[in-house]
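What the coordinates show
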Amino acid sequence: MRKIHSRCGRALAVASVSLLLSLCMLAVSCGGRGTEGKGGKGTNGAEVNVSDQGDVDALLEDLDAIVNSVDPADFSQNQLSDSELGL
Amino acid sequence: MRRIALTLAPIILCLCLCGQVALAQGQQEQQGEGRAGKWLEQRGEMLQQRIELLIARFENNKERHVEAYNRAKEKVKQLLESLQAKGYDVSKLAQDLQTWDAMIVKFAQDYAAFISKLKELSELAVGDSEGRFRAGLQEARQLLRQVQQDALDIRLYYQQTIRSDIQGLRDQVPESA
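Residues numbered from 1 in each chain as written. Chains lettered and ligands numbered in written order. Predicted model: local features only at pLDDT ≥ 70, side-chain atom pairs only at ≥ 80, totals over all residues. Heavy atoms only, no water.

Brief notes about the overall build of chain A
- When helices and strands are tallied, chain A shows three helices and two strands.
- Going residue by residue from the N terminus, the α and β elements of chain A occur as α-β-β-α-α.
- Counting across all 87 residues of chain A, residues that qualify as buried make up 22%.
- Total accessible area computed for chain A in this model is approximately 6000 Å², and 61% of it derives from carbon and sulfur atoms. (Helix = DSSP H or I, 4+ residues; strand = E, 2+ residues; numbered from the N terminus. Buried < 20%, exposed > 50% of the residue type's maximum accessible area, 1.4 Å probe, protein only. Areas by Shrake-Rupley, 256 points an atom, 1.4 Å probe, with all protein chains shown as cover.)

So, the interface of chain B and chain A
- Listed per partner, the contact involves 47 residues of chain B and 36 residues of chain A.
- Between chain B and chain A the total buried area reaches about 3900 Å² when both faces are included, carbon and sulfur atoms providing 62% of it.
- Our count for the contact surface shared by chain B and chain A stands at seven salt bridges.
- Close ionic contact of Arg 57 of chain B with Glu 84 of chain A constitutes a salt bridge, the shortest N to O distance being 3.2 Å.
- In this assembly, chain B and chain A are joined by 16 residue pairs in polar contact (both at pLDDT 80 or more).
- At the level of elements, helix 1 (2-85), helix 2 (91-125) and helix 3 (130-170) of chain B are the ones that each hand at least two residues to the side of chain B that touches chain A.
- Taken together, the residues of the side of chain B that touches chain A sort by class into 28 nonpolar, five polar and 14 charged. (Contact = heavy atoms within 4.5 Å. Buried area = accessible area lost by both parts, 1.4 Å probe. Salt bridge = Lys/Arg side-chain N within 4 Å of Asp/Glu carboxyl O. Polar contact = N/O pair within 3.5 Å; in protein donor to acceptor, adjacent residues only side chain to side chain. Nonpolar A, V, L, I, M, F, W, Y, C, P; charged D, E, K, R; others polar.)

Any link to function would need more than the numbers given here.
So this is what it looks like as structure tokens:
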């Protein structure tokens, strides 16, 4: 009876350790994949960072809005016409 | 003697009448000139006020333009630094940024010359000849045309050069991360 108990205890300990190990490995592999944000490989084998592409797209949108917020027509000849001067 | 007096009397009378008429005409002309002078002065002051108003409007527009250009420049600079740190080749974009900066400086300089001419014009509006004012106005319009061209060049340089070079960087593969 004592032998059976000690065998069960050992098996339980081995099972717990292996479960813990597998959990750790799973966590490490998930962390590596999820947070890096790496995309496909480039032509020379180096990885292209997807977050860089997103940053560039967002910046281009911002820049378009800023540049289009001012109009060169603010300095058109009409602004200094005879009628503007009341002549 | 009597005959002489009779002959001279109408002549003297005529001379007196002519003198009075001439005097009255002179007074009328003086009054007219005075009124015209006053009208010209009022017109000049009104013109001066309009020019001051236009200067304020142009200054406001210039501030908005320069602020937008600087904001855009700063964003491109930040992207350039961030991508450079990640190993991207940003030499072309760095060169674009320098050219763009020079264009913005030129815009500011041409604008300053234009405003200076407008201020000069404002002085000419009161008490100066119409011809000189018109000549000054023509010069101011030419300077304004240059300012508008500078603003167009800045916008086109962004759309045709900087934008496409940034897009090129997006597809570039960095040498080392």
